[in-house]
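One-letter residues, chain by chain:
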Amino acid sequence: MKKRLAAAGVALAFVLTSLVGPGRAAAVDLSLPSLWQAYQGYFTMGTFGAWSSPQALYHYRSNALPNELKLDSQIGTSSTNSLSRQAYVAAVASIDADPTLDDQQKAAAIEQANEAIVLQPTTLPFQAEGILQAIEAYNAANNLPDDQKKVVRAHVLAWHGGQQPNWFFCNGFVYNAASPDWASPATMLKRLDNYIHLMMNKYARYSDIIVSWDVVNEAVDDYTGQIRNADDPQVSQWGRIFRRPDLDSDPDARLFAESVWVRQAFESARRWSNAAGVHWKLYYNDFQDSNKLYEPKMSQTIKMLKPIHDAGNIDGYGMQGRLAWAYPSMAQLKQQIDLGLTVADEISISESDIRSDYEPNPDYDPTQPTRRVTAADAADPAHQWPTFGSCSWNLVSQANGNTFDVCNSPVRRIPAWGTGANNTLANSPDIMKKQADFAADWMDLLLSYQGRIKYYDWDGTSDAATFNRTTGGHLWSGLPGNPEKYSFFAVLGAPARAHLRDAIQRADAIDPSPYTMESWQRVLDARAAAAALVDVRIYTIDGVNAVTGATAALTDAIDRLERDTTPPVVSYTGNAGTYTVDQTVSIQCGASDPDGFGIAATTCADISGAAYSFGLGAHGYSASATEVSGNVGTGSTTFTVTVTFTSLDNLVRRFSTDPEVTAGLGDKLAAAAGSSNPRARDNQLEAFINQVDASTGKALTTDQAAVLIPLAQALE
């Protein structure tokens, strides 16, 4: 967009050679975190304006010179006596005086002179080279490494409007308003190529700080989707030269034919930048105003750029980012980014603001076209802003000329705002929250395009020092001292929230099983605290700090996860140690993981059964367990089975089904137990065994007999 901002004093760059520690400057609180450092690793935060203000030096890394690289600043503004005109006049005089040339040769030589361009010197402190040299000196004085040095996005080789002198488009480099002699399309294509050749050669020496070039700016009309021309409010001299009314019935053919100069500009920029050995990123740059529909301009722009992309002559799609909290939607912005990436490898936001003065237009009719206001609208003042709708012919020149100039806009200026700046509303909590919420969502969207968004340049330094200076569109207020608005903290907080989301995703991807339950619980607690802040709106530095603190806490908890090295415990319970044959063994085996996430596998099994079934003597058992983390633990137990006369008698009573047999066997065991003579005892036991044999299959089963006989023998 056209702008004339005062050039920044270069001396300030050398004064502010160190910006560390807390402090207060006129337009920025230097104790707050730096915007560009907050976004480092995502995209470069910069400004479209003065590079050497305290705000720019502290908060921005990139800069686009708003006017100094435009055509008028490079070739001069005199309509009759530019350096190009002087060179042309001298060349024509020499050609005419050359007797060796015939008329045809003279005509060819004069046409060649008509295509040649002479650039003027630009080394004064307020001119392009003076500023670029000051930036280089600042980088050198501060020993800035490549990832911290100040860089420049060069703006712009070809666009429209008053900063494209009319004489540049006339034969002989002279403009007569009463009867302009416009150059032919062929002449202008060659003249454009020559101009870009000179520019690439001239600025190649600054390739250490220039990172990209806006080759063409704002070529497409806001309403028709065709190339701007002499009939548009923002007159394009290029469109005047290349206008093809014979193709009005074929819009696509017209767009292609009239945009030939755009293709030439990119072809020349690619050829001559490569020849100069600089290989700059080449951008097309344009805006989608926040009070106009995005179509057909957006789709037509992509259509215009497609052959340039296919030829390999464009790298970047520049979105100026003239936005408002009321319009456009995030879905529209995402669509624009996605379309831009079909014709370019990267996106940059080149001169952005977020207007606070708009609200949704209650009278917007989506079935009717959006159109520019005309003088005819003045005849119906009742249907103009603020009574109705969004436009006003009487006010079209106010508020930067782009607030009341659209009829049937999706938005209108808030009636209470008035026609100029309104710091009261711009700094009211409600309006600041709306702007900040939009800014946060916008930054979130851009951050989601990992590696595809390269630069974001804010226009100006505050609500009072920006192109849309009556709209409350900046991060810094227009109030005295330019305090930070809610939107500043929302923008500052966006990468902090991105880091927070990354930390949450990192936590979610962790397999907790190798770690101790205690250390994993710390992660869970920190993650819950972080998740609670993900969708919380940020309006203050406390909000930013809360997010960064939660991220740090979660990261710390993850980094301090402790490996679970404690093996599981395998234990046996209920073991009496010694059992007589008439008793029951009931030992439980259990595996536990006291410091981890549980048992994955175990051989642990309970030990139970009649004691006699285990056999006499000592018995040992062991088991192992593997916990989820992989640690292995083992456990063991032993017990002994013994036989006594009483325990054997108890088994007989349990087994025998014949009372007489039971009594007989019991008597023999009692006699054996009471014998003082071993021989007498053994005789009684032999008698016991004989009776068991005799009772087998009758009072006793074979299996029972097989149990009783060895036990009796063990008592001998």
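Since this is a predicted model, take the numbers as computed values, not measurements.

Draft legend 1. Structural context of the packing of helix α15 (residues 429–447) against helix α16 (residues 486–508). At a closest axis distance of 8 Å, the pairing of α15 and α16 adopts a crossing angle of 35°. You can see that α15 and α16 cross each other, and the crossing is right-handed. Where α15 approaches α16, its residues P429, M432, K433, Q435, A436, A439, A440, M443, D444 and L447 are matched on the opposing element by Y486, S487, A490, V491, A494, P495, R497, A498 and R501. Looking at the contact of α15 with α16 residue by residue, the class counts come to 13 nonpolar, two polar and four charged.

Draft legend 2. Structural detail: empty space enclosed by the protein. For the structure on display, the rule yields four cavities of 30 Å³ or more. Quantified by volume, the largest cavity comes out at close to 50 Å³. Lining the largest cavity are T47, W51, A56, Y60, R61, S62, N63, I135, K150 and V151.

Draft legend 3. Focus on the environment of R322. Following the sequence through the fold, R322 ends up in strand β7 (residues 322–324). Exposure remark for R322: the relative accessible area of 1% places this residue in the buried category. A C-alpha to C-alpha distance of 115 Å links R322 and P678, two positions 356 residues apart in sequence.

Draft legend 4. Looking closely at the side chain of E484. With respect to the secondary-structure elements, E484 resides in the loop between β13 (453–459) and α16. Separated by 3.2 Å, the side chains of E484 and W476 make a polar contact.

Draft legend 5. The arrangement of the state of the cysteines in detail. Inspection of every chain in the model, using the stated rule, returns two disulfides. Linked covalently through their sulfurs, C391 and C407 form a disulfide whose S-S length is 2.3 Å. Its S-S torsion of about 90° marks the bond between C391 and C407 as right-handed, since a negative value means left-handed. Residue C391 is found in the loop between β10 (371–372) and β11 (406–407), and its partner C407 is found in strand β11; the two are separated by 16 residues along the sequence. We classify C407 as buried; its relative accessible area is 4%. Each sulfur of the disulfide joining C589 and C604 lies 1.6 Å from the other. Disulfide C589 to C604: torsion about the S-S bond roughly -105°, handedness left-handed. Placement of C589 in strand β16 (residues 584–592) and of C604 in the loop between β17 (599–602) and β18 (607–610) is noted, with a sequence separation of 15 residues between them. Summarising the burial analysis for this pair, C589 and C604 share the class buried. When the bonded cysteines of the chain are counted from the start of the sequence, the pairing works out to 1-2, 3-4.

Scoring rules and cut-offs
Residues numbered from 1 in each chain as written. Predicted model: local features only at pLDDT ≥ 70, side-chain atom pairs only at ≥ 80, totals over all residues. Heavy atoms only, no water. Axes fitted to C-alpha atoms, helices over the stretch in contact; angles between N-to-C directions. Helix = DSSP H or I, 4+ residues; strand = E, 2+ residues; numbered from the N terminus. Left-handed = near helix turned anticlockwise from the far one by under 90°. Contact = heavy atoms within 4.5 Å. Nonpolar A, V, L, I, M, F, W, Y, C, P; charged D, E, K, R; others polar. 1 Å grid on protein atoms, 1.4 Å probe; cavity = no way out; pocket = protein on both sides within 12 Å on 5 of 7 lines; lining within 4 Å. Points joined across faces, edges and corners; volume = space filled by probe spheres on them. Buried < 20%, exposed > 50% of the residue type's maximum accessible area, 1.4 Å probe, protein only. Polar contact = N/O pair within 3.5 Å; in protein donor to acceptor, adjacent residues only side chain to side chain. Disulfide = S-S within 2.5 Å.

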